[in-house]
Amino acid sequence: MKENQDNLMEKIVSLCKRRGFIFQGSEIYGGLAGTFDLGHLGGELINNIKQSWWRKFVAEREDMYGIKAAILMRSEVWEASGHVAGFSDPLTECTKCQHRFRADQLTDTKKCPDCGGELSAPRQFNMMSKTQIGAAEDSSSTAYLRPETAQGIFVNFKNTIDAYHPKIPFGMAQIGKAFRNEITPRDFVFRSREFEQMEIEYFVKESEWEKSFEHFQKEMLSWMSELGIDMEKVHELEVLPEDRAHYSKRTVDFEFDYPFGKKELFGLAYRGNFDLTNHKLDYMDPDTNERFVPHVIEPSFGVERAFLALMLSAYAEDGEGENLRSYLKFKPHIAPVICAVSPLLKNKPELVAKAREVYALLKKEFGRVMFDDNGNIGKRYRRQDEIGTPYCIVIDFDTLGENPDLLDTVTLRDRDSGSQERLKISELVSKIKAQL
Ligand code: GAP
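Everything quoted here is computed from the prediction, not taken from an experiment. (Residues numbered from 1 in each chain as written. Predicted model: local features only at pLDDT ≥ 70, side-chain atom pairs only at ≥ 80, totals over all residues. Heavy atoms only, no water.)

Caption draft 1: Fine view of the site of the ligand. In the vicinity of the ligand, 21 residues are found, and the nearest of them are Glu148, Arg180, Glu199, Glu264 and Leu265. With respect to the ligand, the side chain of Glu148 contributes an N or O atom lying 2.6 Å from a nitrogen atom. For the ligand, a nitrogen atom lies 3.5 Å from a polar atom in the side chain of Arg271. Taking 550 Å² as the accessible area of the ligand by itself, protein coverage stands at 90%. Taking a 2 Å distance to the grid points as the criterion, the majority of the atoms of the ligand fall inside the largest pocket. Those elements that provide at least two residues to the shell around the ligand are β11 (194–204), β14 (261–272) and β17 (295–302). Considering every element that reaches the shell around the ligand, the biggest residue donor is β14, with five residues. (Near = heavy atom within 4 Å. Polar contact = N/O pair within 3.5 Å; in protein donor to acceptor, adjacent residues only side chain to side chain. Areas by Shrake-Rupley, 256 points an atom, 1.4 Å probe, with all protein chains shown as cover. 1 Å grid on protein atoms, 1.4 Å probe; cavity = no way out; pocket = protein on both sides within 12 Å on 5 of 7 lines; lining within 4 Å. Sits in = over half its atoms within 2 Å of the grid points. Helix = DSSP H or I, 4+ residues; strand = E, 2+ residues; numbered from the N terminus.)

Structure, rendered in structure tokens:
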């Protein structure tokens, strides 16, 4: 089982590079650990993940305000949030090979897992990425690249109230980059130094925190399932008090069965009124004129972890030997390419012209449409299957009227079953739309 699972991870990493989903950051200079660059297909897939999240948690709700805050933030923000003092992992270093490890991830904290040398006593290592702003290099110009998008929300709490006068309960949401100087970035994009988060801070009266916590617990599960994550591999974990982040009064982690173990996918925390109190912010109820510090429920999602869980859930194989086929069974609304359009033969100008016409029609309608005339049809199908394209459309001689009954019809092949149906060009848009 373990062997197959490792193998699966290798297959996913190799597919991501080969088919242009994800590349190592700064690769031509030897790579920069913990950073990744998106290729065209990875960019499309991740955009679809983020759009689906935004639609469900922001656009379709009345009580949510989306923001886009700066990545660079003043050091005072991180002093107030407790990150300067408390956002650290225990670091241990081998006295022989100088390799560094997170002490809490080792089974033997005395012996180096790489060379057997002696490990130093663990010390706390702050994971925030610090930088200097402006020309003067004194402490007044120190800023941090945010380690969580949440603080960008808290520092805009007052602006949002002044601008929109929301009634409690309401939420603020943001999608954006976060940076953590992880001691040991690993497992492909799972633990990166630069990654994206999709976060909500939902402001409630203290007496109502449990109701909102349960609401978001359900909503998070329902979004994962809508996205196409294999829900049999998702497990909820009530995080023990000693394992919670410094701000949390309750945390439920959603874990996923990755090939490298059961690990965190997303998290849901009850942050109490820790952050708003520390930033000296409060809320005045417009009905009662009562001032109080709202409490916060925080659903937090890592984009790269969503991507990885989705790839692992979607990867499938069938057939054997030469007929072995691998495909990604993405739902159509998430697939980087919704459909590919091909002429049966690329050296027949009349087929190519008709295929281009159909391609233009669908491209205008759906955007994520590919024109594919590379190699023979069988190879094109395999290539599209591998990147998870749900539909392949082929223009053949019948389309041109060789069989007059089939004039202006095409074949539409379904990725998962491999079955084909013949339908009119004029029916294509509504047929595909119905699946989105
Ligand atoms: N604002 C709360 C917060 O940041 P977190 O559990 O530290 O909580 C939230 O992070 C989510 O961000 C995680 O559940 C995970 O999906 C993602 N995440 C955290 N660290 C990550 C890393 N080094 N690489 C990729 N994703 C990460």
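Caption draft 2: Representation of the layout of surface pockets. Quantified by volume, the largest pocket comes out at close to 1400 Å³. If you trace the largest pocket, you find 48 residues lining it, with Arg180, Arg191, Asp253, Glu264 and Arg305 closest to the centre. Going through the elements one at a time, α4 (83–86), β5 (88–93), β11, β13 (250–258), β14, β17 and α9 (303–314) are the ones with two or more residues in the lining of the largest pocket. Of the residues forming the lining of the largest pocket, the biggest block, eight residues, is contributed by β14. Of the residues belonging to the lining of the largest pocket, the class tally is 15 nonpolar, twelve polar and 21 charged. Space inside the second largest pocket adds up to approximately 240 Å³. Every residue lining the second largest pocket is listed: Phe157, Lys158, Ile161, Asp162, His165, Pro166, Leu281, Asp282, Tyr283, Met284, Pro286 and Arg291. At the level of secondary structure, the elements contributing two or more residues to the lining of the second largest pocket comprise α6 (157–164) and β15 (283–284). Here the lining of the second largest pocket takes four residues from α6, the largest share from any one element. Looking at the lining of the second largest pocket residue by residue, the class counts come to seven nonpolar, one polar and four charged. (Points joined across faces, edges and corners; volume = space filled by probe spheres on them. Nonpolar A, V, L, I, M, F, W, Y, C, P; charged D, E, K, R; others polar.)

Caption draft 3: Molecular detail of the packing of aromatic side chains. All chains considered together, the criterion is met by 24 aromatic pairs. Ring centres of Tyr258 and Phe260 lie 4.9 Å apart, and the angle between their planes is 10°; this geometry places the pair in the stacked category. Summarising the burial analysis for this pair, Tyr258 and Phe260 share the class buried. Through pairs of rings, three or more aromatic residues link up here, namely Tyr65, Phe154, Phe157, Tyr164, Phe170, Phe203, Tyr283 and Phe292. (Phe/Tyr/Trp six-rings, centres within 6.5 Å; stacked < 30°, edge-to-face > 60°. Buried < 20%, exposed > 50% of the residue type's maximum accessible area, 1.4 Å probe, protein only.)

Caption draft 4: Geometry of empty space enclosed by the protein. According to the stated counting rule, one finds one cavity of 30 Å³ or more in the structure shown. In this structure, the largest cavity occupies an estimated 40 Å³ of space. Lining the largest cavity, in full, are Ala340, Val341, Ser342, Arg380, Tyr381, Cys392, Ile393 and Val394. Among the elements of the structure, β20 (339–343), α11 (377–387) and β22 (391–395) are those that each provide at least two residues to the lining of the largest cavity.

Caption draft 5: Seen up close, the pattern of salt bridges. Overall, the coordinates contain 33 salt bridges when judged by the stated rule. Here Arg191 and Glu182 are joined by a salt bridge, their closest N and O atoms 3.9 Å apart. The two residues Arg191 and Glu182 agree in class, both being buried. Look at the salt bridges and you will find they share partners, linking Asp318, Arg325, Arg382, Asp385 and Arg413 into a network. (Salt bridge = Lys/Arg side-chain N within 4 Å of Asp/Glu carboxyl O.)

Caption draft 6: Expanded view of the domain arrangement of the protein. As far as domains go, the protein holds domain 1 (2–75 + 146–312) and domain 2 (337–435). For domain 1 and domain 2, the distance between their C-alpha centres works out to 38 Å. Contacts between domain 1 and domain 2 engage seven residues on the former and five residues on the latter. Area buried by domain 1 at its contact with domain 2 is led by Arg19, Leu41 and Asn48, which between them contribute 61% of it. Where domain 1 touches domain 2, the interface holds two salt bridges. Two residues, Arg19 and Glu386, come together in a salt bridge whose shortest N-O distance is 3.3 Å. Counting every contact that joins domain 1 to domain 2 gives three residue pairs in polar contact (both at pLDDT 80 or more). (Domains from an automatic or database assignment. Contact = heavy atoms within 4.5 Å. Buried area = accessible area lost by both parts, 1.4 Å probe.)

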